[in-house]
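# Survey of secondary and tertiary structure
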Amino acid sequence: MIDSNSARIVVDAAGFHLDDWHKRARFTPEDLAGLDAKTGASGVLVLDAAQRVEDLTPWLNVLTAVEIGFDNAGDGRGFSLARALRGLGYARDIRASGGIHVDQFRHALQCGIDAVILTREAASRMPEQHWVNAATTTALNYQARLGFASASWRSREDLNL
Amino acid sequence: MSAHPIQYVITANDFHSGAVVFWGGDAWLLRLRDACVFERAEDAEAMLTQFRPEQVVGAYVIEVVADAGQLQAQHIREAIRARGPSNYFHGKQAEEDHVSL
Amino acid sequence: MYRYNQFDTEYVRQRVAIFREQVARRIAGVLTEDEFKPLRLQNGVYLQLHAYMLRVAIPYGTLNARQMRALAMIAECWDRGYGHFTTRQNIQFNWIRLDDVGDILEALADVEMHAIQTSGNCVRNVTADHFAGAAKDEIEDPRMTAELLRQYSTGHAEFAFLPRKFKIAVTGAAHDRAVTAFHDIGINIVRKEGVVGYRIVIGGGLGRTPIIGTELVEFLPKADLLPYLEAVLHVYNRYGRRDNKYKARIKILVQELGIETLRAEIDAYFTATRDAFAGVPDAMLGAIEAAFQPPEMPPEMDVAEAYDLRHDAALSPALAAWMETNLEEHRDGRHAIVSISLKAPGATPGDASAEQMRVIADLAERYAYDEIRISHEQNVILPHVPKAHIAAVFRALDAAGLASANIGQLSDIIACPGMDYCALATARSIPIAQEIATRFTALKMERDIGALKIKISGCINACGHHHVGHIGILGLDRAGVENYQITLGGDGTEDAALGARTGPGFSAEALIPAIETILDTYLHGRKNRDETFLAFYRRVGMAPFKRALYPPTNRARHESAA
């Protein structure tokens, strides 16, 4: 059990929060077959960046929390994974964890990721104000201008930018 | 290949200017001839972890030989870094010693 | 040409501000070099051998006089008075301080330019036919498509961290001057039953594994271009290899999955997401289309209809020789396309001094409707020059050392910066280009040889396009010593072909005699002067070249050296 002192930080477009998922059960796509709807709804599905999300379609209306692990800052698969999930109609929370930093926050938000989970170390190195500033840069978006604005760019709409 | 023994020097690029620099023992210097020379590669390698990233980028060890008292890089790439490009008289070959970073 | 709207301006300014702030965080130690590197690369900043290098985007190779003058100013203020035009229609400055990059980007933004996505694992500057809008054999100006793709790919959140870089080229003409078969995506504008659309080629590329692209879609409706490319990039981003840098380009994914499986994967995503794409607003399409209309030609042009260039040619042999190689027919008979060679024998291919840039800018403004192009062959083009002004343009170029009459010939060599500048290079390429050009022009062989493309790369990454050179040269490192492999018969046009290796490589000293042997073999063996080097090679194959290059007595020695 993680106590709140060591709990990770979650950052969304509004700023830092304590990780409110840390007490929820965590499971992977392999666990889905044996999972009841209640656990599915109360737990966190943890996805590896290589996951084929198209196989998850039957569970997408049950799940409420998806965490996508980024291997390292140079690995952008997680962004496509989030877009794919949004494209398939998944509308609840998506968070990113692992090797993702403040200069990728714009990318995360625009791809339909709601928040990034940070270690304490990362949160102290990358202060809250940098994340909030980065979130404002989503407003200038060529793709949205060209007709790509859609449900998959959800966070943009939520922020009313 | 030269008959002179191979020695070792630490090189990097200055973070702000990108200029080629050599470790002089207590500071980064612009000239290969001012570099601190190591007899053993391990001793030079051991130094690499201690450099400050806000000062230089990508420090590494190169092989040199002292030919008639002049330090010369063994590899053509390092010779070009120490001298400057061959198509223009730019870079180290054209710079006065007092040029700052 | 396309002018920035309010959005473009704001976007570029914001990117400058973001980059300044990133540099500040790097200096303060908040960002590590590993975190900072991809950020600087996405703004065109490399750390090369002697300094930082800034690669500035010239979208589809098009710029105006004001922009060219800004490049000249940057060369003088922050570099050493020159710039290097690249095989991706960009310009590189070789002697940049990181501390100055913010100011340079600001100066670029002042003239509607930037360095965004000129490096990094993202969609790079989109290239196009350098004769776009002037070529006779064109279905549609490819720059409309290229500009749309510039906007689409700029800052695309999903595709900023692809497995590897992603290069797109567009051509609207039958003759492929944009090397589309050797791009991650090559786009050919085609007409089918009267409708204009796209033929999409995927997975071409040079580098360590040179591959000619495969047709992905025979005919794609224009309206589907963006969502379809979105599907291509999405599939590549998820399934492209990330375990090995040399296997990370989409060409390897095409090879490993097979074109059928890959196409099915792309089509599935395209079908699933197309409906969510609202389509590009008509106003935006209209603005792009309007930007690439032919220049308005003044009424006195009607008089020029009768202008006969033979009159000029008769007056000056130098002008006649230059017109023979450096002029191309324009779709409008009153105009010509002028290629300005940046390949004076002995000079660095693709380099232009600030002064030369200003001369070109002045000429463009005065005579050529303020339009300039950069070709992937590292030359400058004035795409619309009234024939009546050709002689004046030539005289001005000649005075600036820009009148080399060698387009498409031996000394019009493509060369990457090589080990004189590039951190990745394994051998020098510039001195090789200089030596070849000087040697064979001194021997007066160039005119006799005629059409010939020599391309030199200083490492396996093939920025010098050596695989598609009629004669390709690849510089490698053999135990700290430069060694050069030669390939023959490459072709980057619609008849795409990869060059074949002659055999073991040559030392820097042995390389020029080897090139001479190759040229002699051609000159002595060709049927007549009309048989080009490439045609000769295609007829006779490698054997006679091999025999001449590696005579039996020497063969053992060569092989042991390699």
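Parameters at a glance
- Residues numbered from 1 in each chain as written.
- Chains lettered and ligands numbered in written order.
- Predicted model: local features only at pLDDT ≥ 70, side-chain atom pairs only at ≥ 80, totals over all residues.
- Heavy atoms only, no water.
- Contact = heavy atoms within 4.5 Å.
- Domains from an automatic or database assignment.
- Buried area = accessible area lost by both parts, 1.4 Å probe.
- Salt bridge = Lys/Arg side-chain N within 4 Å of Asp/Glu carboxyl O.
- Helix = DSSP H or I, 4+ residues; strand = E, 2+ residues; numbered from the N terminus.
- Nonpolar A, V, L, I, M, F, W, Y, C, P; charged D, E, K, R; others polar.
- Polar contact = N/O pair within 3.5 Å; in protein donor to acceptor, adjacent residues only side chain to side chain.
- Buried < 20%, exposed > 50% of the residue type's maximum accessible area, 1.4 Å probe, protein only.
- Pairing = 2+ DSSP bridges.
- Axes fitted to C-alpha atoms, helices over the stretch in contact; angles between N-to-C directions.
- Parallel < 35°, antiparallel > 145°, perpendicular 65-115°, else oblique.
- Left-handed = near helix turned anticlockwise from the far one by under 90°.

The pair of protein chains exhibiting the most contacts, out of two pairs of chains in contact, is chains A and C. Regarding chain A and chain B, which are not in contact, the minimum distance between any of their C-alpha atoms is 16 Å.

A few words on the domain arrangement of chain C. Residue and element names in this part refer to chain C. Structurally, chain C comprises domain 1 (6–110), domain 2 (127–281), domain 3 (305–399) and domain 4 (414–561). Between the C-alpha centres of domain 1 and domain 2 the distance comes to 26 Å. Between domain 1 and domain 2, the residue contacts involve nine residues of the former and 13 residues of the latter. Roughly 1000 Å² is buried in total at the junction of domain 1 and domain 2, and carbon and sulfur atoms are behind 53% of that figure. Of all residues in domain 1, Tyr60, Arg88 and Gln89 bury the most surface against domain 2, accounting for 58% of the area lost on that side. At the boundary of domain 1 with domain 2, the tally comes to one salt bridge. It is helix α1 (residues 6–27) that contributes the most residues to the side of domain 1 that touches domain 2, three residues altogether. Grouping the constituent residues of the side of domain 1 that touches domain 2 by class yields three nonpolar, three polar and three charged.

Once that is clear, we can look at the interface of chain B and chain C. At the interface, 26 residues of chain B touch 30 residues of chain C. Across the chain B/chain C interface, buried area totals approximately 2400 Å², and carbon plus sulfur atoms make up 54% of it. Applying the counting rule to chain B against chain C returns one salt bridge. A salt bridge links Glu95(B) to Arg80(C), with the shortest nitrogen-to-oxygen separation between them at 3.7 Å. Along the contact surface separating chain B from chain C lie 11 residue pairs in polar contact (both at pLDDT 80 or more). Secondary-structure elements contributing two or more residues to the side of chain B that touches chain C are β1 (7–14) and α2 (76–83) of chain B. At five residues, the largest contribution of residues to the side of chain B that touches chain C is made by α2(B).

Look at Ala68(B): it is not a glycine, yet its phi comes out positive at around 50°. On the accessibility criterion, Ala68(B) (74% relative accessible area) is exposed. Despite not being glycine, Ala462(C) shows a phi value in the positive range, around 65°. A relative accessible area of 3% places Ala462(C) in the buried class.

Our focus in this paragraph is the sheet that holds strand β8 (residues 185–192) of chain C. All names here are of chain C. An order of β6-β7-β8-β9-β10 is seen for the five strands of this open sheet, with the pairing classed as mixed. The outermost strands of the open sheet, each flanked by one partner alone, are β6 (127–128) and β10 (214–221). Where strand β7 (residues 168–171) meets β8, four bridges bridge the pair, whose relative direction is parallel. Looking at β8, one finds that Val170 is bridged to Ile187. Against the sheet, helix α6 (residues 225–239) engages β7, β8, β9 (195–202) and β10, with an angle of about 150° to β10.

Let us look at the packing of helix α13 (residues 354–367) of chain C against helix α14 (residues 390–399) of chain C. Residue and element names in this part refer to chain C. Running from amino to carboxyl end, α13 crosses α14 at an angle of 165°, the nearest separation of the two axes being 10 Å. Judged by the angle between their axes, α13 and α14 are roughly antiparallel. Every pair of crossing elements has a handedness; the one defined by α13 and α14 is right-handed. Across the interface between the two elements, Val359, Leu363 and Tyr367 from α13 touch Ala392, Val393, Ala396 and Leu397 from α14.

All names here are of chain C. Across the six residues that make up strand β12 (residues 335–340), a large majority, six, are buried. What you see with β12 is no split at all: His335, Ile337 and Ser339 on one side and Ala336, Val338 and Ile340 on the other are buried throughout. Bridge count for strand β11 (residues 327–329) against β12 is three bridges, and the pairing is antiparallel. Across the sheet, residue Glu329 finds its bridge partner in β12, namely Ala336. Following β11, the chain reverses through five residues before pairing antiparallel with β12. Across five bridges, the pairing between β12 and strand β15 (residues 380–386) is antiparallel.

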